[in-house]
Amino acid sequence: MYLGIDLGTSGARLLLTDGAQRVIAAAEAPCSVAHPHPGWSEQDPQGWIEAVTAALAELRTSHAAELAALKGIGFSGHMHGAVLLDAAGAPLRPCILWNDTRSHLEAAALDAMPVMREASANAVFPGFTAPKLAWVKIHEPEIFARTATVMLPKDFLLLWMTGRRVTDMSDAAGTSWLDVAARRWSEAALEASGMRAEQMPDLVEGSEVVGTLRPELAAELGLPAGVQVVAGGADNAVSACGVGALKAGQGFVSLGTSGVLLAARDDFGADPASAVHSFCHAVPGRWYQMGVILAATDSLNWLSRITGQGPAELLSGLGALEAPGKVRFAPYLSGERTPHNDSVIRAGFTGLDIADGPQDLARAVIEGVSFALRDCQQALMATGTALEQCLAIGGGTRSRYWVELLATVLNQPLDLPAKGEFGAALGAARLAICGVTGADPDTVMTRPEIGETVMPRAGLIPAYDDAYAAWRALYPSLKVLT
């Protein structure tokens with residue numbers, strides 16, 4: 001048996017599979033997020049341990065015999081979070097999360113240093129780890145002085161389970177301290193940002209065994225002795241493992257809280273000026289690129305809150321896909337990453353008419369999110385990256401209208417997986433299988449069964465091309481007003 005642990009912002013999801021990847025059971029437990037000031041987003045690392053422990057207890061209650069055969073554990077985790085540890089391994093403060101924007105000034109200052117983009121092959125975003133430490137150095141100098149190690153969220157769980165301070169290449173790539181091409185810490189980037197190499201965890205590949213589950217913890221959790229713990233990786237990289245996106249031409253678009261367009265690569269490529277993320281994959285010798293928008297289904301959820309109508313209700317009356325609406329929406333509710341790298345910009349509607357109602361706004365919202373993902377597509381294409389196979393995943397894909405709209409906006413066929421597991425928790429279990437058995441990731445990390453391929457509406461592509469061209473004028477106009 002193999003256990004995949006997916007540490008998300010809202011909670012931990014555990015997936016138990018056998019060696020043939022048949023799903024045996026799953027369990028979840030929530031995590032809380034604190035927002036003590038505007039733009040701040042924090043979590044107590046101890047809450048992650050409590051969530052994993054609670055979900056494991058649920059699995060143990062229902063599937064004790066299967067857990068007794070557990071051989072390996074793999075991980076997926078949300079990226080960029082700064083977990084500051086003292087010399088004894090205790091957290092010095094709450095973790096500053098990926099969606100925390102307090103360090104936007106520090107990010108801009110670091111990004112202005114040529115060495116940072118040269119070393120990391122990425123722009124320095126406010127959500128990345130390095131600017132968070134720069135903020136702590138200025139605003140919490142006593143904590144900065146006591147920081148012995150900076151770890152990422154899932155790696156705090158690895159420390160808890162094995163006693164080792166390590167991170168994998170895919171998670172390290174989101175810190176701004178990794179030489180992504182060479183897969184090693186960049187001394188130049190560390191020095192430029194005021195950090196030291198000894199404050200960094202050891203680097204391993206995502207399919208590498210970190211160690212054995214500590215005997216006393218195994219007894220406490222009711223797990224067998226000798227379970228091997230595999231490093232795992234960053235959430236999007238591990239999701240790519242879950243959907244079999246390992247090779248050039250393979251990728252996915254995710255309509256989740258944030259929006260992601262990811263393409264695997266067999267070699268390294270980067271264009272920091274485009275705000276495309278160029279990161280190490282969770283398996284050796286592979287990389288991936290992705291464009292990220294910060295509010296995908298979050299934009300629809302926001303509209304749901306202010307209208308009092310559920311997301312499904314808002315979309316239910318849209319009927320068949322037709323020509324673009326007249327209302328435009330820029331989905332910058334939390335700023336934007338690709339292609340603008342702008343944490344200050346905010347969202348807006350244009351073209352509102354007195355006759356417009358909630359469904360007109362809903363249509364504008366999902367069109368705006370789709371156009372923002374086309375921005376990501378254009379940025380990826382500018383680096384020479386193309387998608388031949390693209391899966392559509394995430395909660396937004398429950399809307400057939402939205403999937404067909406997105407396929408048309410991107411002019412890209414989108415494959416919808418058949419029902420089943422294919423996300424980050426499965427990717428984490430697959431990494432555990434590879435780590436424990438030595439199996440080739442290409443044979444383990446296959447694509448899921450495709451339930452349907454949604455084709456672009458050829459007759460509507462010109463109209464949506466024109467609408468996208470008009471929509472692109474929103475960002476510079478809003479920028480003047482922000």
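A brief report on the enclosed structure follows. Counting of residues starts from 1 at the beginning of each chain's written sequence and follows it residue by residue. Per-residue local features of the predicted model are confined to residues with pLDDT of at least 70, and side-chain atom pairs are confined, for both listing and counting, to 80 or more; whole-chain, interface and lining totals are unaffected and use all residues. To get the side-chain values, take all heavy atoms of the structure and skip hydrogens and water.

1. Describing the overall build of the protein
- Check the secondary structure of the protein and you find 19 helices and 24 strands.
- A globule of 482 residues ought to have a C-alpha radius of gyration of about 23 Å, and the protein, at 22 Å, matches this closely.
- Only protein chains enter the area calculation, which uses a 1.4 Å probe; residues under 20% of their type maximum are buried, those over 50% are exposed, and those in between are partly exposed. When each of the 482 residues of the protein is scored for burial, the buried share is 60%.
- For the protein, long-range pairs separated by at least 24 residues make up 73% of all intrachain contacts whose partners lie at least 6 apart in sequence.
- In this description, accessible areas are obtained by the Shrake-Rupley approach with a 1.4 Å probe, and a residue is regarded as covered only by the protein chains that are shown. If you sum the accessible surface of the protein, you get close to 17,600 Å²; carbon and sulfur atoms cover 53% of it.
- The positive count covers Lys and Arg only, the negative count covers Asp and Glu only, and His and the chain ends enter neither. For this purpose, a charge sits on NZ of Lys, CZ of Arg, CG of Asp or CD of Glu. Averaging the coordinates of the 35 positive side-chain charges in the protein and doing the same for the 51 negative ones gives two points 1 Å apart. Note on conventions: DSSP H or I runs of at least 4 residues are helices, E runs of at least 2 residues are strands, and numbering of each starts at the N terminus. Only C-alpha atoms enter the radius of gyration, while the globule expectation follows 2.2 Å times N to the 0.38, with N the number of residues. Two residues qualify as a contact provided that any one of their heavy atoms is within 4.5 Å of a heavy atom in the partner residue.

2. Details of the layout of surface pockets
- For the second largest pocket, the calculated volume is near 150 Å³.
- If you go around the second largest pocket, the residues you meet are L261, Q377, Q378, L380, M381, T385, A386, L387, C390, L410, N411 and Q412.
- Top contributing element to the lining of the second largest pocket by residue count: helix α14 (residues 358–382), with four residues.
- Basically, the charged four are Asp, Glu, Lys and Arg, the nonpolar ten are Ala, Val, Leu, Ile, Met, Phe, Trp, Tyr, Cys and Pro, and anything else, Gly included, counts as polar. Counted by class, the lining of the second largest pocket contains seven nonpolar, five polar and no charged residues. Note on definitions: the grid is 1 Å and covers protein atoms alone; a cavity is a set of points where a 1.4 Å probe fits but cannot get out; a pocket is an open set with protein on both sides within 12 Å along at least five of seven lines; lining residues have an atom within 4 Å of a point. Grid points are joined across faces, edges and corners, and a volume is the space filled by probe spheres set on the points.

3. Description of the pattern of salt bridges
- The salt bridge criterion pairs a side-chain nitrogen of Lys or Arg with a carboxyl oxygen of Asp or Glu, the two atoms within 4 Å. Scanning the entire structure with this criterion turns up 24 salt bridges.
- Across the pair E322 and R363 runs a salt bridge, and its minimum N-O distance is 3.2 Å. Within this pair, whereas E322 is found in the loop between α13 (311–316) and β20 (328–330), its partner R363 is found in helix α14, the two being separated by 41 residues in sequence.
- Here E322 falls in the partly exposed class, since its relative accessible area comes to 43%.
- Note on R363: relative accessible area 14%, which makes it buried.

4. Re the nonpolar core
- By convention a nonpolar core is built from buried Ala, Val, Leu, Ile, Met, Phe, Trp, Tyr and Cys residues, the set being connected through side-chain atoms within 4.5 Å. One finds L3, I73, M161 and W177 to be the most contacted residues of the largest nonpolar core, which totals 107 residues.
- The biggest single contributor to this core is helix α1 (residues 45–62), with seven residues.
- Setting aside its immediate chain neighbours within four residues, W177 contacts T129, A130, L133, V150, W185, S186, A189, L190, S193, M195 and M200.
- Of all hydrophobic cores here, the second largest spans 52 residues; its members include L255, L321, L387 and Y401.

5. Some remarks on empty space enclosed by the protein
- Counted by the stated rule, this structure contains two cavities of 30 Å³ or more.
- Size it by volume and the largest cavity reaches roughly 100 Å³.
- In this structure, the largest cavity is lined by 14 residues; those nearest its centre are T101, P126, G127, L294 and R337.
- In terms of residue class, the lining of the largest cavity is made up of four nonpolar, six polar and four charged.
- Approximately 50 Å³ is the volume attributed to the second largest cavity.
- Considering the residues around the second largest cavity, the lining is formed by G81, T129, V150, M151, L152, T167, T175, W177, W185, M200 and P201.

6. Structural notes on the packing of α14 against helix α18 (residues 461–471)
- Axis separation between α14 and α18 bottoms out at 10 Å; the angle between their running directions is 85°. Judged by the inter-axis angle, α14 sits roughly perpendicular to α18. Two secondary-structure elements touch here, α14 through E367, G368, F371, A372, R374, D375 and Q378 and α18 through Y464, D465, A467, Y468 and W471.
- For the contact of α14 with α18, a count of residues per class yields six nonpolar, two polar and four charged. Lines fitted to the C-alpha atoms define the axes, with helices restricted to the stretch that makes contact. Angles between their N-to-C directions range from 0 to 180 degrees. Oblique is the label for any angle not under 35 degrees, not over 145, and not in the 65 to 115 range, which are roughly parallel, roughly antiparallel and roughly perpendicular in turn.

7. Quick notes on unusual backbone geometry
- A cis amide bond, omega 0°, links T338 with the succeeding residue P339.
- Turning to its location among the elements, P339 is positioned in the loop between β20 and β21 (348–350).
- Unusually for a residue other than glycine, S176 sits at a positive phi of about 80°.
- If you trace the backbone, S176 turns up in the loop between α8 (169–172) and β10 (178–179).
- The phi angle at A275 is positive, at roughly 65°, despite the residue not being glycine.
- For A275, the location among the structural elements is in the loop between β17 (259–265) and β18 (277–280).

8. Digging into the environment of E42
- Its place among the elements puts E42 in strand β4 (residues 42–43).
- When the C-alpha positions of E42 and G81 are compared, they lie 8.8 Å apart, and in sequence the two are 39 residues distant.
- Not counting residues up to four positions away in its chain, the partners in contact with E42 are S32, V33, A34, P36, R93, P94, C95, L97 and R102.
- By the criterion applied in these results, polar contacts are pairs of N or O atoms within 3.5 Å in which, for protein atoms, one can donate a hydrogen and the other can accept it, and in which residues neighboring in sequence qualify only through two side-chain atoms. A polar contact of 2.8 Å, which involves the side chain of E42, links it to the side chain of R102.

9. Quick notes on helix α11 (residues 235–243)
- Counting buried positions along α11 gives eight out of nine residues, so the element sits mostly inside the fold.
- Phi turns positive, to about 75°, at G244, one or two residues after α11.

10. Regarding the pairing of strand β2 (residues 11–17)
- Taking burial as the measure, the seven residues of β2 include six buried ones, the bulk of the element.
- Should DSSP find at least two bridges between two strands, the strands are regarded as paired. Here strand β1 (residues 2–7) runs beside β2; their pairing, made up of six bridges, is antiparallel. Bridged to I5 within β2 is L14.
- Two successive antiparallel strands, β1 and β2, enclose a turn made up of three residues.
- Sheet analysis places β2 next to strand β3 (residues 23–30), joined by seven bridges and oriented antiparallel.

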